[in-house]
Protein chains: 4
Amino acid sequence: MSDTKPAEPEKPRRRQARGERRMAQLLEAAASVFCKVGYTSASTNAIAREAGVSPGTLYQFFPNKEAIAVELGERLSHQMHEAHSQVFTEANASLPLPDMMDAIVDPLIEFNCRNPVFLALIHSSDVPGKVVEEHDALHAALLARVEGLISVFAPGLPADGRTRTAEMAFALFTSGLELVLAHEGTERDAYAAELKAALLGYLGPRLDPDPASSQRSAARS
Amino acid sequence: MSDTKPAEPEKPRRRQARGERRMAQLLEAAASVFCKVGYTSASTNAIAREAGVSPGTLYQFFPNKEAIAVELGERLSHQMHEAHSQVFTEANASLPLPDMMDAIVDPLIEFNCRNPVFLALIHSSDVPGKVVEEHDALHAALLARVEGLISVFAPGLPADGRTRTAEMAFALFTSGLELVLAHEGTERDAYAAELKAALLGYLGPRLDPDPASSQRSAARS
Amino acid sequence: MSDTKPAEPEKPRRRQARGERRMAQLLEAAASVFCKVGYTSASTNAIAREAGVSPGTLYQFFPNKEAIAVELGERLSHQMHEAHSQVFTEANASLPLPDMMDAIVDPLIEFNCRNPVFLALIHSSDVPGKVVEEHDALHAALLARVEGLISVFAPGLPADGRTRTAEMAFALFTSGLELVLAHEGTERDAYAAELKAALLGYLGPRLDPDPASSQRSAARS
Amino acid sequence: MSDTKPAEPEKPRRRQARGERRMAQLLEAAASVFCKVGYTSASTNAIAREAGVSPGTLYQFFPNKEAIAVELGERLSHQMHEAHSQVFTEANASLPLPDMMDAIVDPLIEFNCRNPVFLALIHSSDVPGKVVEEHDALHAALLARVEGLISVFAPGLPADGRTRTAEMAFALFTSGLELVLAHEGTERDAYAAELKAALLGYLGPRLDPDPASSQRSAARS
DNA sequence: GATGAATGAGGATTCATTCAT
DNA sequence: TATGAATGAATCCTCATTCAT
């Protein structure tokens, strides 16, 4: 019993240093390839090549192509969550709606401009009928966040209406985001403005004029 | 209507008639396969199999896979154009905005519900960055139509703003359409309503209160 | 309707001439490779190479490696059946037991010497626990034949005993056959004699001294 | 018995003790994997995983996959030898033949039921033609033992006949053993009886009615 | 026109083995 | 000594496309 692991909790796996780096490297390479050719057309060999490693190495870290996308999606999801969780502060708690929209959407746009794979991943389960299980987790998680936001700002909506509104708003956002990412410089900004206008136009009439701030703080989680 | 071969009793070239039938057969099969697995994952062999012909036959009508999508897109585009060109009549010329939106969008939704490939094709050039040349023709054509409509209803918009508005409205429409197609029955209707609400919310503030009917007739082309 | 096949039953597929030849060629190549390295270690690429065709061609005729083995097994099974069905004639109906054994086993040995793959295929589902479904069909078919023979010569055996006897006799035969095939010339003959001796020694005491000839004729099917 | 390291309290080299344990651990894992998927399909990575160690560790003890099988085979061979060397005692020296067969074969069957890898290893050089060098050592050793036994009980046989008889008996035994291992409970016992009957039927007529006991004692080596 | 055979590069994935740490 | 990362050739199989018949 004593030789199979003397239960020292601080060294479960030390050598992961190199491995952790490789994993990041592979995810970066995958991001690059996914952006270039899309998830479906991306080949694991191409990802490995882009990362400068052999195909076998890739499979030491990921069991298959999908796992790469999933891990990438989760990491970006967390990053985005962190970057976005500071949105609801007292500072913008009672802003007028357009400014509120800026406060919410601008960081999202910025994040996605810095991480264009994210959109590629969201679109990766693109075949409408064939839902790819694992891929949909990302979609579902994001949708849940949107639905949470909506339930804060429009608490009066019934459940099914809320889901539809969330789906629609999410669809609107991602498709607008695609336009934003397709342009650069001032054009990009102009499209960002369009996107926010569209969201405002769609969601504005559905929102409560003044939701309680206590409800808003609940959305911080 | 006249170009779809309404059974002319003369027999100038029966081979071409048969060829036309084969082509339609292949396009139908392609539509089915594209819907099932998406353009990228669709194999020409699968299309030929679905059509009940050999791979060689397929290549007698289309030089490659993309040409199938292009031809399919063009045909559907024409069909949609025909189905939609009757929208602007005196009857709905001066309807209130929401009814006008119904009059414009409902036929489009209906058409896409009957021809779900269309959306698959629009999304077929899925990689945001990598524009696939040929595929984009469809996108460009549709966009031009949207831009035409917008220039009718909002003639005050400058050219670049009009393009952006058109792109945004088109993106909004296609992404909403995806939701519509993903549901059935009353849910589908509800999503259609949501989509129209989004379009109204986005476009409403940009539209002229009363565009001249003469300009409207120009949109029929 | 008339162009999709005017129902002429004599030309369902004509071009199979070349294909049929290829198939035989591939099966021959597979036989060779299976003999050389065994089923498990045989690669489809190696089979294609041996047949002088590209990997893709192989897959035009067989969906996977197992299908090759199955088809090969079935063809050989039929051949053996034909070569063996003439064993029961009046000539040897009432031979003494050892001569009867010669009459039955010698053609089997000869067949297997001419087609050594057969034994390789029988052994192909070799992992004891993991029964490979399709492969077992061959095993089951052969076993059934053995059981049939036994029920003719030893009609008094109960069902479970008959199955066990059949399994044992079959195992004995195949393992002895392996020895036979491993040698050549007079050595081979000597091993064949040993094999028959073993079968006689095992089955002799179980057999009826004089089974009715009517029952024997039933085994010809 | 003395070579299995019966816990000597001195500590000349503890590393080797630990190494010995690792080795046993690895061999046990290999046995498990070989049984589950067969030798050919067993991967060294799978064995290492089953043993709870890294691939590198495995290669610190064995130069390659085959060496694992060889070592495993040798150890089991020794164990079997020990378990079997006590068979020839005065008690059963002059038993009637069937009882003698029980006395010899039953322990072998029992041993193989407890160590099913053994059979897997014997069959591991499965391709009849392609003798795998190292693997055959096991085969040769076992065969030699069988030949020894036969030369005791049938001293009159000429050398080549003896070899053939030994090969045949060995083949018969291993193939019957496979059947035994494939069943459980009373079925297993029934197959064991069948196996012994087959061996008796084959070897019985070849054995001397009363071999000298001095010769028997020679078989103990 | 139609067929189906042929191609061969490329896809995901595995595996025995080696090596830096 | 143990680890786990690294390798790269080899595995099965697919696919867009071509070609002889």
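Worth saying up front: this structure is predicted, and the values here are computed from it rather than measured.

Here we come to the domain arrangement of chain A. All names here are of chain A. When cut into domains, chain A gives domain 1 (11-62) and domain 2 (66-218). Taken together, the contact pairs eleven residues of domain 1 with 13 residues of domain 2. Both faces considered, domain 1 and domain 2 share a buried interface measuring about 1000 Å² in area, 82% of it formed by carbon and sulfur atoms. Considering only the surface of domain 1 that becomes buried against domain 2, Leu27, Phe34 and Tyr39 emerge as the three largest contributors, covering 51% of it.

This part covers the interface of chain B and chain A. Tallying the contact residues gives 31 residues for chain B and 30 residues for chain A. Where chain B abuts chain A, roughly 2500 Å² becomes buried across the two surfaces, and 62% of that area is made up of carbon and sulfur atoms. Summed over the three residues of chain B that lose the most area to chain A, namely Arg164, Met168 and Glu194 of chain B, the buried surface amounts to 25% of that side. Joining chain B to chain A, the criterion identifies four salt bridges. Close ionic contact of Glu187 of chain A with Arg164 of chain B constitutes a salt bridge, the shortest N to O distance being 2.6 Å. Viewed at the interface, chain A and chain B are joined by seven residue pairs in polar contact (both at pLDDT 80 or more). Of all elements in the fold, only helix H1 (14-41), helix H9 (159-181) and helix H10 (185-203) of chain B reach the threshold of two or more residues within the side of chain B that touches chain A.

The next point concerns helix H9 (residues 159-181) of chain A. Spanning 23 residues, H9 of chain A covers 32 Å between terminal C-alpha atoms, matching the ideal 33 Å at 1.5 Å per step. Of all 23 residues making up H9 of chain A, 17 are buried, and the element is well covered by its neighbours.

Here the structure, examined in full by the defined rule, presents 40 salt bridges over all chains. In this structure, the salt-bridge partner of Asp102 of chain C is Lys196 of chain C, at a minimum N-O distance of 3.1 Å. Taken as a pair, Asp102 of chain C in helix H6 (residues 97-114) and Lys196 of chain C in helix H10 (residues 185-203) lie far apart in primary sequence, 94 residues in all. When its relative accessible area of 13% is taken as the criterion, Lys196 of chain C is described as buried. The salt bridge involving Asp160 of chain C is made with Arg164 of chain C; its shortest N-O contact spans 3.9 Å. Of this pair, Asp160 of chain C and Arg164 of chain C both sit in helix H9 (residues 159-182), four residues apart, roughly one helical turn. On the accessibility criterion, Arg164 of chain C (12% relative accessible area) is buried. Through salt bridges with shared partners, a single network forms among Glu20, Glu71 and Arg75 of chain A.

This part covers the packing of helix H1 (residues 16-41) of chain A against helix H2 (residues 44-51) of chain A. Residue and element names in this part refer to chain A. In contact at an axis separation of 8 Å, H1 and H2 are set at 120 degrees when each is read in the N-to-C sense. On the basis of the axis angle, H1 is oblique to H2. The two elements H1 and H2 meet at a crossing, and its hand is right-handed. Residues Gln25, Leu26, Ala29, Ala30, Ser32, Val33, Phe34 and Lys36 of H1 form the contact with H2, whose participating residues are Ala46, Ile47, Glu50 and Ala51. Class assignment of the residues belonging to the contact of H1 with H2 gives a composition of eight nonpolar, two polar and two charged.

The set of residues buried in helix H2 (residues 44-51) of chain D consists of Thr44, Ala46, Ile47, Ala48 and Ala51 of chain D. Note on H2 of chain D: the residue one or two positions beyond its end, Gly52 of chain D, has a positive phi of about 75 degrees.

Position of Pro55 of chain D relative to the elements: it lies in helix H3 (residues 55-61). Between the C-alpha atom of Pro55 of chain D and that of Thr44 of chain D, which follows or precedes it by eleven residues, the distance is 7.1 Å.

Right, let's get into the side chain of Ser175 of chain A. Within the secondary structure layout, Ser175 of chain A lies in helix H9. You can call Ser175 of chain A buried: its relative accessible area is 10%. Setting aside anything within four residues of it in sequence, one finds Ser175 of chain A in contact with Ala171, Leu172 and Ser175 of chain B.

Here the focus is the relation of the copies chain B and chain A. Put simply, the second copy of the chain is the first one after a rotation about an axis and a shift along it. Least-squares fitting of chain B to chain A yields an RMSD of 0.3 Å, with the transformation described by 0.1 Å of translation along the axis and a rotation of 179 degrees. Put plainly, the chains are arranged around a two-fold axis. No C-alpha of chain B approaches the rotation axis more nearly than that of Gly201 of chain B, which lies at 2.0 Å. Both copies present the same face, since 94% of the interface residues in chain B are matched by interface residues at the equivalent positions in chain A.

Reading guide: rules and limits
Residues numbered from 1 in each chain as written. Chains lettered and ligands numbered in written order. Predicted model: local features only at pLDDT ≥ 70, side-chain atom pairs only at ≥ 80, totals over all residues. Heavy atoms only, no water. Domains from an automatic or database assignment. Contact = heavy atoms within 4.5 Å. Buried area = accessible area lost by both parts, 1.4 Å probe. Salt bridge = Lys/Arg side-chain N within 4 Å of Asp/Glu carboxyl O. Polar contact = N/O pair within 3.5 Å; in protein donor to acceptor, adjacent residues only side chain to side chain. Helix = DSSP H or I, 4+ residues; strand = E, 2+ residues; numbered from the N terminus. Expected span 1.5 Å × (residues − 1). Buried < 20%, exposed > 50% of the residue type's maximum accessible area, 1.4 Å probe, protein only. Axes fitted to C-alpha atoms, helices over the stretch in contact; angles between N-to-C directions. Parallel < 35°, antiparallel > 145°, perpendicular 65-115°, else oblique. Left-handed = near helix turned anticlockwise from the far one by under 90°. Nonpolar A, V, L, I, M, F, W, Y, C, P; charged D, E, K, R; others polar. Least-squares fit on C-alpha atoms with pLDDT ≥ 70 in both.

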